[in-house]
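Coordinate analysis (summary)
Given next are the chains, with one letter for each unit.
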Amino acid sequence: MLRQQRGALSAYALLDAMRETNPTISAPTIYRALAALSERGEVQRLESLNAYIACKHGCEDQTSILSICDDCGLVEESAAPHLLEQLSKLAGRSGFATTRHVVEIHGRCASCDDAEGPA
């Protein structure tokens, strides 16, 4: 279901959609499924939206930059192979040991920017 979306879906949006075909499904089931998919690197949680997207790149292998359109909700995932190392080094300068990275950028996608026209 997440792979078919342009944007992110909250756990409760997934629950509502799943109830159309399985009315007895519960929220804990959705959260367990999302946790399992997240551990396998198949979905990623967008911290700023409290929502989830399907990973296009292996989420467990590298840091992705998530560009989130504030107008239409489109989420684009870009691979950033060296960003994880650079962020860890930067944080490590003060003795901070990183355990994970979340890189989310909010703005407007090209389609929404073009639709608005010139400023």
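Residues numbered from 1 in each chain as written. Predicted model: local features only at pLDDT ≥ 70, side-chain atom pairs only at ≥ 80, totals over all residues. Heavy atoms only, no water.

Side note on the overall build of the chain
When its secondary structure is counted, the chain shows four helices and five strands. Ordered by position from the N terminus, the helices and strands of the chain form the series α-α-β-β-β-β-α-β-α. In terms of overall dimensions, the chain has C-alpha extents of about 50 × 45 × 20 Å along its principal axes. The buried share of the chain, taken over its 119 residues, is 30%. Entry remark: accessible area of the chain is about 7,900 Å², with carbon and sulfur atoms responsible for 51%. (Helix = DSSP H or I, 4+ residues; strand = E, 2+ residues; numbered from the N terminus. Buried < 20%, exposed > 50% of the residue type's maximum accessible area, 1.4 Å probe, protein only. Areas by Shrake-Rupley, 256 points an atom, 1.4 Å probe, with all protein chains shown as cover.)

Re the pairing of strand β4 (residues 75-80)
Of the pairings in the sheet, the one linking strand β3 (residues 63-69) to β4 comprises six bridges and is antiparallel in character. Note that in β4 the partner of L66 across the bridge is E77. (Pairing = 2+ DSSP bridges.)

With respect to the state of the cysteines
Going through the model one piece at a time under the given rule, you end up with zero disulfides. Not part of a disulfide, C109 finds its nearest cysteine sulfur in C112, a span of 3.7 Å. According to the relative accessible area criterion, C109 is buried, its value standing at 10%. For C112, which is in no disulfide, the shortest distance to another cysteine sulfur is to C69 and amounts to 3.7 Å. (Disulfide = S-S within 2.5 Å.)

As for the packing of aromatic side chains
Applying the stated criterion across every chain, the model contains one aromatic pair. Here Y12 and Y31 contribute two aromatic rings whose centre-to-centre distance is 6.2 Å and whose plane-to-plane angle is 70 degrees, an arrangement assigned as edge-to-face. In this pair, Y12 sits in helix α1 (residues 11-19) while Y31 sits in helix α2 (residues 27-39), placing the two residues 19 residues apart along the sequence. According to the relative accessible area criterion, Y31 is partly exposed, its value standing at 37%. (Phe/Tyr/Trp six-rings, centres within 6.5 Å; stacked < 30°, edge-to-face > 60°.)

Observations concerning the packing of α1 against α2
Here α1 crosses α2 at 115 degrees, and the two axes come no closer than 10 Å. Our pair here, α1 against α2, has a crossing hand that is right-handed. Contacts from A11, Y12, L14, L15 and M18 in α1 reach A27, I30, Y31 and L34 in α2. Here the residues of the contact of α1 with α2 sort into nine nonpolar, no polar and no charged. (Axes fitted to C-alpha atoms, helices over the stretch in contact; angles between N-to-C directions. Left-handed = near helix turned anticlockwise from the far one by under 90°. Contact = heavy atoms within 4.5 Å. Nonpolar A, V, L, I, M, F, W, Y, C, P; charged D, E, K, R; others polar.)

A short note on the sheet that holds β4
Taking strand neighbours across the sheet as the criterion, the three strands line up as β4-β3-β5 in an open arrangement whose pairing is mixed. The open sheet has two edge strands with one neighbour each: β4 and β5 (103-107). Strand-to-strand, the axes of this sheet are offset by a mean angle of 20 degrees, without reference to chain direction. With five bridges connecting them, β3 and β5 associate as parallel partners. Across the sheet, S67 pairs through a bridge with I105, a residue of β5.

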